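If you want the building blocks of each chain, they are given just below.
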Amino acid sequence: QVQLVESGGGLVQAGGSLRLSCLLSGRTSSHYAMGWFRQAQGKEREFVAATTRSGGATDYADSVKDRFTISRDNAKNTLYLQMNSLKPEDTAVYYCAADLLGTAQTIRNSKTKSWGQGTQVTVSS
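Everything in this summary refers to the structure shown in the same document.

### A closer look at the overall build of the protein
- Assigned secondary structure in the protein consists of zero helices and eleven strands.
- The C-alpha atoms of the protein give 13 Å as radius of gyration, which agrees with the globular expectation for 125 residues (14 Å, within 12%).
- Structurally, the protein occupies a C-alpha span of about 40 × 25 × 25 Å along its principal axes.
- When the 125 residues of the protein are sorted by exposure, 45% land in the buried category.

Structural data, given as structure tokens:
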């Protein structure tokens, strides 16, 4: 069974940067499309970004496009999210997800994807 562990969250001022990491274990990461989702307090979980199994293609929510960059290193079984120009509205718990044999598009709505435990990102104004 695949396990996902996020790290790198924290408190940052508006305009600052953070890099999140997600370590996949128990399976071969290159078999999984992977992505990031977030859930702000009192709101539903929403899609942030995703990448294909090879990392050759990516997809972003409009709200983070041009500010966030998703990448992966399959040799390290690790997914990353570089977040720049952070805004207070980016404050949320950020979750890593993995979808077996999925794509950067199907992971958005996949009912079978696996989740990490989440990492808190807080952006102060």
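Once you've had a look at it, read on.
### Some details on the state of the cysteines
- Here the structure, examined in full by the defined rule, presents one disulfide.
- Each sulfur in the disulfide pair cysteine 22 and cysteine 96 lies 2.1 Å from the other. A torsion of -75° about the S-S bond marks the disulfide between cysteine 22 and cysteine 96 as left-handed. You can see cysteine 22 sitting in strand E3 (residues 18-25) and its partner cysteine 96 sitting in strand E9 (residues 92-100), a full 74 residues away along the chain.
- Take cysteine 22: its relative accessible area is 0%, and that puts it in the buried class.
- Taking relative accessible area as the criterion, cysteine 96 reaches 0% and is therefore assigned buried.

### Regarding the sheet that holds E3
- Ordered by their spatial adjacency, four strands build an open sheet running E1-E3-E8-E7, and the pairing between neighbours is antiparallel. Looking along the sheet, the strands with just one partner apiece sit at the ends: strand E1 (3-7) and strand E7 (68-73). Going across the sheet, the axis of each strand differs from the next one's by a mean of 15°, ignoring polarity.

### Regarding the packing of aromatic side chains
- Tallied over the entire structure, the rule returns three aromatic pairs.
- With a centroid separation of 5.6 Å and 75° between ring planes, the pair formed by phenylalanine 37 and phenylalanine 47 is classed as edge-to-face. Of the two residues, phenylalanine 37 sits in strand E4 (residues 32-39) while phenylalanine 47 sits in strand E5 (residues 46-51), which places them ten residues apart along the sequence.
- Taking relative accessible area as the criterion, phenylalanine 47 reaches 11% and is therefore assigned buried.
- Here tyrosine 95 and tryptophan 115 contribute two aromatic rings whose centre-to-centre distance is 6.3 Å and whose plane-to-plane angle is 85°, an arrangement assigned as edge-to-face. Within this pair, whereas tyrosine 95 is found in strand E9, its partner tryptophan 115 is found in strand E10 (residues 114-115), the two being separated by 20 residues in sequence.
- Tryptophan 115 gets classed as partly exposed once you look at its relative accessible area, which sits at 34%.
- When the ring centre of tyrosine 95 is taken as origin, the NZ or CZ atom of arginine 45, which lies over that ring, is 3.7 Å away.
- A cation over an aromatic ring shows up here: arginine 45 above the ring of tryptophan 115, its NZ or CZ 4.4 Å from the ring centre.

### Some points on the pattern of salt bridges
- The full count for this structure, using the stated rule, is five salt bridges.
- Note that glutamate 46 is salt-bridged to arginine 38, the shortest N-O span being 2.7 Å.
- What makes arginine 38 buried here is its relative accessible area of 6%.
- Note that lysine 65 and aspartate 62 form a salt bridge whose closest N and O atoms lie 3.2 Å from each other.
- On the basis of relative accessible area, lysine 65 is assigned to the partly exposed category, the value being 40%.
- A relative accessible area of 67% places aspartate 62 in the exposed class.
- Sharing partners across several salt bridges, the network here consists of Arg38, Glu46, Arg67 and Asp90.

Quick notes on the rules
- Residues numbered from 1 in each chain as written.
- Predicted model: local features only at pLDDT ≥ 70, side-chain atom pairs only at ≥ 80, totals over all residues.
- Heavy atoms only, no water.
- Helix = DSSP H or I, 4+ residues; strand = E, 2+ residues; numbered from the N terminus.
- Rg over C-alpha atoms; globule rule 2.2 N^0.38 Å.
- Buried < 20%, exposed > 50% of the residue type's maximum accessible area, 1.4 Å probe, protein only.
- Disulfide = S-S within 2.5 Å.
- Pairing = 2+ DSSP bridges.
- Axes fitted to C-alpha atoms, helices over the stretch in contact; angles between N-to-C directions.
- Phe/Tyr/Trp six-rings, centres within 6.5 Å; stacked < 30°, edge-to-face > 60°.
- Lys NZ or Arg CZ within 6 Å of the ring centre and 35° of its normal.
- Salt bridge = Lys/Arg side-chain N within 4 Å of Asp/Glu carboxyl O.

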